[in-house]
Amino acid sequence: MIQNLSIAKDVVEELKEKFGDVIQSEGDVAVVNEDFIAKVCKYLKNEKGFDHLSNLSAVDLIKQNMMCVVYHLWSTEKKQLIILKAFLPRDPTDKHVCHEDDVCDGVQRLPSISKIYPAADWHEREAFDLFGIIFEGHPNMKRLLLKEDWIGHPLRKDDESGVPAYQIDWKLAMMRSNDKFVLNMGSINQKLEKMKEEKEDGK
Amino acid sequence: MIVVGQLEKLIKNLTGNLANWGRSWSFWPLTFGTACCAIEMMAMASPRNDAERHGILFFASTPRHADVVIVAGTINEKMKPRLRRLYEQMPDPKWVVAMGACEIGGGPFWNGYNVEKGIDGFLPVDIYVPGCPPRPENLLEALIQLQKLIKKDSMARYKSGNPHL
Amino acid sequence: MASEKIVELNMGPQHPSTHGVLRLMLKIKGDTIMDSTAHIGYLHRCIEKLHEKRHYMWCIPLTNRMDYVAALHSEHLFVQAVEKLMNIEPSERSQYVRVILLELQRIASHLVAIGSYGLDLGQMTTWFWCFKEREIILTLMEEVTGGRLFHNEVRLGGLKNDLPKGWTEKCLSMLTYLDKKWKDYGKFIENELFFKRTKGIGVVSKKDAMDWGMHGPSLRGSGWNLDVRRYAPYSVYDKLDFDVPVKDEGDSLARYRVRWEEVVQSIRIVRQAIKNLPQGPTEGLRSLYFTKPVTPGEVYVINEQAKGEAGVYLVSDGTSKPYRAKYKTPSFCNTALLPKIIVGHKIADIVAIIGSLDPVFGEVDR
Amino acid sequence: MINELMNIVIDQVMLLLNLPIFLRDYLVVIGYGVFASLVVGAVAYGGAYVERKLIARIQSRYGPQHPGPAGILINLADFVKLISKEDIVPDGADSVSFRWAPIAMATILFFTIMLLPFGKDLFAVDQSFSLLLPVALLSLLPVAILLIGWASNSKYTYLGALRSAVMSMSYEIPLLLSVVGLVILTGTLNIVTMAEIQDRGLWFVLLQPIGLLVFVISMIATAERIPFDMPFAESELVAGWKTEYSGVRYALTFLVEYGLVLVTSVIVVFLFFGGWSGPTSLPNLPFKIPSEAWLFFKVGIFVMAYIVMRASFPRLRADQLLNLCWKYLIPLGVLNIGIAVVERMVLWV
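Presented here is an overview of the structure given in this document. Here the structure is a predicted model, which is why all the values come from computation and not from measurement.

Digging into the interface of chain C and chain D
Contact residues are listed per partner, giving 34 residues for chain C and 25 residues for chain D. Summing both partners gives a buried area of about 2500 Å² for chain C against chain D, and 61% of it is carried by carbon and sulfur. Inspection of the region where chain C meets chain D yields two salt bridges. In this structure, the connection of chain C to chain D is made through ten residue pairs in polar contact (both at pLDDT 80 or more). Of all elements in the fold, only β1 (7-11), α4 (92-120), α5 (124-145), α7 (192-198) and α14 (347-357) of chain C reach the threshold of two or more residues within the side of chain C that touches chain D. Looking at the side of chain C that touches chain D residue by residue, the class counts come to 17 nonpolar, nine polar and eight charged.

Digging into the sheet that holds strand β3 (residues 52-61) of chain A
Residue and element names in this part refer to chain A. Reading across the sheet, the five strands line up as β1-β2-β5-β4-β3 and stay open at both edges, with mixed pairing between neighbours. Of all the strands in the sheet, just β1 (23-26) and β3 have a single pairing partner and so form its edges. Within this sheet the neighbouring strands show an average axis-to-axis angle of 25°, counted without direction. One ladder, built from four bridges, connects β1 with strand β2 (residues 29-32); its direction is antiparallel. For I23, the partnering residue across the bridge sits in β2 and is V32.

Describing the side chain of E34(A)
Residue and element names in this part refer to chain A. Within the element layout of this structure, E34 appears in the loop between β2 and α2 (37-46). Summary of buried charges: E34 has no salt-bridge partner, and the nearest side chain of opposite charge, R109, is 9.4 Å away. When residues no more than four places from it in sequence are discounted, the contact partners of E34 are A86, F87, L88, P89, R109, L110 and P111.

Quick look at the interface of chain A and chain C
Taken together, the 42 residues of chain A in the interface contact 46 residues of chain C. Summing both partners gives a buried area of about 3800 Å² for chain A against chain C, and 58% of it is carried by carbon and sulfur. Taken as a group, M1(A), Q3(A) and W122(A) account for 22% of the area that chain A buries against chain C, more than any other trio of residues on that side. For the pair chain A and chain C, the number of links is five salt bridges. Between E298(C) and K85(A) there is a salt bridge, and its shortest N-O distance comes to 2.9 Å. Our count for the contact surface shared by chain A and chain C stands at 19 residue pairs in polar contact (both at pLDDT 80 or more). Elements with a minimum of two residues in the side of chain A that touches chain C: β3, β4 (66-75), β5 (80-89) and α3 (120-131) of chain A. Ranked by residues supplied to the side of chain A that touches chain C, first place goes to β3(A) with nine residues. Looking at side-chain class alone, the side of chain A that touches chain C contains 23 nonpolar, nine polar and ten charged residues.

Focus on the nonpolar core
Where a protein is soluble and globular, its nonpolar side chains tend to be buried together. The biggest cluster of nonpolar side chains holds 310 residues, and the ones touching the most others in it are L84(A), I119(B) and L24(C). Top element by residues in this core is helix α11 (residues 248-272) of chain D. It accounts for 16 residues. Setting aside residues up to four positions removed in sequence, I119(B) forms contacts with V71(B), I75(B), L83(B), V96(B), A98(B), E103(B) and V125(B). Core analysis: the second largest hydrophobic core is formed by 22 residues, W95(B), M99(B), L139(B) and I144(B) among them.

Some words on helix α1 (residues 9-19) of chain A
Residue pairs three or four apart in sequence face the same way in an α-helix, which turns once every 3.6 residues. Residues and elements named next belong to chain A. Restricting attention to buried positions, one finds in α1 the residues V11, V12, L15 and F19. Along α1, the residues classed as buried sweep out an arc of 105° about the axis, all on the same side. Where α1 is buried, its residues touch β1, β2, α2 and β5. Downstream of α1 by one or two residues, G20 has phi in the positive range, about 70°.

Regarding the arrangement of the chains
Among the five pairs of chains that make contact, the interface with the largest number of contacts is formed by chains A and C. One thing to see here is that chain A and chain D don't touch, and their nearest C-alpha atoms sit 25 Å from each other.

About the criteria used
- Residues numbered from 1 in each chain as written.
- Chains lettered and ligands numbered in written order.
- Predicted model: local features only at pLDDT ≥ 70, side-chain atom pairs only at ≥ 80, totals over all residues.
- Heavy atoms only, no water.
- Contact = heavy atoms within 4.5 Å.
- Buried area = accessible area lost by both parts, 1.4 Å probe.
- Salt bridge = Lys/Arg side-chain N within 4 Å of Asp/Glu carboxyl O.
- Polar contact = N/O pair within 3.5 Å; in protein donor to acceptor, adjacent residues only side chain to side chain.
- Helix = DSSP H or I, 4+ residues; strand = E, 2+ residues; numbered from the N terminus.
- Nonpolar A, V, L, I, M, F, W, Y, C, P; charged D, E, K, R; others polar.
- Pairing = 2+ DSSP bridges.
- Axes fitted to C-alpha atoms, helices over the stretch in contact; angles between N-to-C directions.
- Buried < 20%, exposed > 50% of the residue type's maximum accessible area, 1.4 Å probe, protein only.
- Lys, Arg positive; Asp, Glu negative; His and termini not counted.
- Core = buried A, V, L, I, M, F, W, Y, C linked by side-chain atoms within 4.5 Å.
- Arc of directions from axis to C-beta.

Such coordinate-based values are descriptive only and should not be taken to indicate function.
Structure (structure tokens):
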């Protein structure tokens, strides 16, 4: 039979009374304002017994120009699941600047919940590594899977760091080529440099 | 003078063949496996198709004791410098077996941003074993072919320092 | 003072007993470990990005290669997510056959885990015996699906091909053979030296296990009675009765024992599934959607894989390619807590702890 | 029988080179030394082959089959390959001690072989302290290993060598305690006279079972075989103190490992299982059984025991061996000395 995980709708209602308009409910998903995510998670873990962080994933909604972080929390006694969503403004040109000790400031910011759920430590580092979402208060906000000197965040929809030259969407590349557009694959860079020269000559 | 020339050629021939005979039968691969092909490499050493029948003993845990490195599993950009250094740490008569589609041309992950498309860019590969993952019998057959190659190997190959001679 | 000197040791990506490509930077004083950090990513194959570039049908070879020791589990996870999205109920017989193949794959995965655990501690014979038994299971699976490690067997709402004739008798005879052998191996592995190396090593308390995000047999070794097949039943697991082995000590020996008993339970499950295997079609849609659009929406499905609770968060935007597929894999969470357990142990204990957590690095790095 | 042969050969050599008479004893010693190392080399070769085949059979597989009729030449192939391999000396290593340490270990091993008798009257040197010297020389090996560990300039070898040094401190004392028990019982330090006593009367294994237990455990630790395999723990310390070696020097460490197995089993057989004593002529056997055959039969059993142990036991941690030795073996050794004193008074008075 198809697995149906029972969603804790009553808990979503309680959250709305407790936190007021910070929480909207979209279907059975609680959409949380991104600054209150840590408070909500602490409340859920301590009072409501959602002790198991089942999943923390980031989704790049490029059409709505938003970045969404989804939390799936599971309570082991009540055997119920609750889904929290936090929508962040999307940083179009992943322009966040990483200082030497890898402290980055940028638009996609979110309080980290690794103090409440220590299991979220690596999940958040992976979300930062592949999407560029910065989790404030995270003990070790560095890249997890890619090389330290990797430029760009590959899982974003507009990042073509791995696409071979013949598949690249040139309109988008040209639109971005006026500012710093660094890619990691040698084949693509030469192609883009050539395109840029033609553009300068054409002008 | 001719006798000395003949004698010297005979001795060089004899030692060369003896060395090649020794190298081919005592064939210690480096225990290096990253992904799914490593499981099939272990299955090759398991009792069903026992690699030790041909002298292939998975005993060398350091590059110093290894003769051949069977690159089993996808190599991505973070692993590439490590693999190159491992190859350089191995003592000289050494061979490289590229096992699995990921080593030959990137395999199912060829258009990944982080995956190295084939290891013959930075390693001199002797034997390619296609398959994803290749069956243990394929790998054993490939190693036996490599052993045959070694038997006919020429000593000149190592003096010139160019493994592709 | 010489003894105060903290030496930095690097258990590099190529190490005989890190079960793959894990790099541990250890700060050791003498033989005990003061602090350690884990570096992963040496097998990051951009599986989630490649999901967005491929039709649903072609994503199966990618999911297979994540946990390459128990490949059918992640394949079943992905297809179940699409079935939930499309609201397609697989036929009764195909669900039973899926459970049979999944449990056989779980036995094969536990054999690799226990075999390489013995090899790490110096007992080579367990490694060879476990791989010998695993070959028998692989040939059985090969007769059904045609592949040893990766099967591409699960289709939307059904299976690629049904069980061949006479397969169930062969499987039952294999299970009786394995049942007897597994008891002997248990007695052979658990000798006094094995206890000295594993009892009281890498103890994880019940509270820490849940906080740090432990999964699967390791979690059940610390006292949690959590098995997805029980608390969020899927497929036909609610019709099969089996009990979930749980130990309370939380040390490496407990984790090994849980894994050892799970093989016995899986044998029981396969026997029951074969006994009341219904007749009926297992065709289902011959192929997952190649180019037909999948209904837009998002879904979250969790399965009990060999290494623990794995989940996929699938977002589809109505086209024939997944918009975003995020995999939560158990080994990723187990490896995250490795540096926390190791502190205070000797160097020789790292090997015992890694072996008891049994991470697979295709799954960790994705 | 081998003695007469040896004397004939030495006389011929003396005549050929008309050397002065007093050089004869040196020639005897050299002759026996060469003979002993040849025998040990052959037996070590056979032992290595049997080990690979027996371990393969225990692990339900065939083991080497192809080089030679049944894989007989596999060790020759290993040796030839290792000789013809490039011999890397890492630049950070202290080259003098890195190069010479394995050779020092090999000489220590062959020196102990020279001192051990191999038959009823087949021994190079019959000293009054011939039991003490092999034991003392075997305890020199960890010093060489420590030198190797430091010289190879890599953290793994350093850790492996430290483990070996720490282990040697812990298993030497029970080793000597059990030997003291025997010395009290027999009154001599000479292996040959001990063997003769056992030949006449009881084997010491019946008189000193605890001494045997303590001695065997510390012998396994000397030979660094599986239960106490920490210095070469290939699953933890990559390859322990042998990590940096390749080529000929690795072949030497290979030879030392198998030589140790053989030497330790010869010593155990001499001290507790009565050396070459055994019925020289079985009732329905036409020819007389030479005493050497009995010795090698018993040594073979012990080498088999080493191999089976390697296949079935996991590896202990270094500190577990330490408290095993300090907490259990040393008290047992002292108890054994007490038993030996009591037996001495009761039996021999």
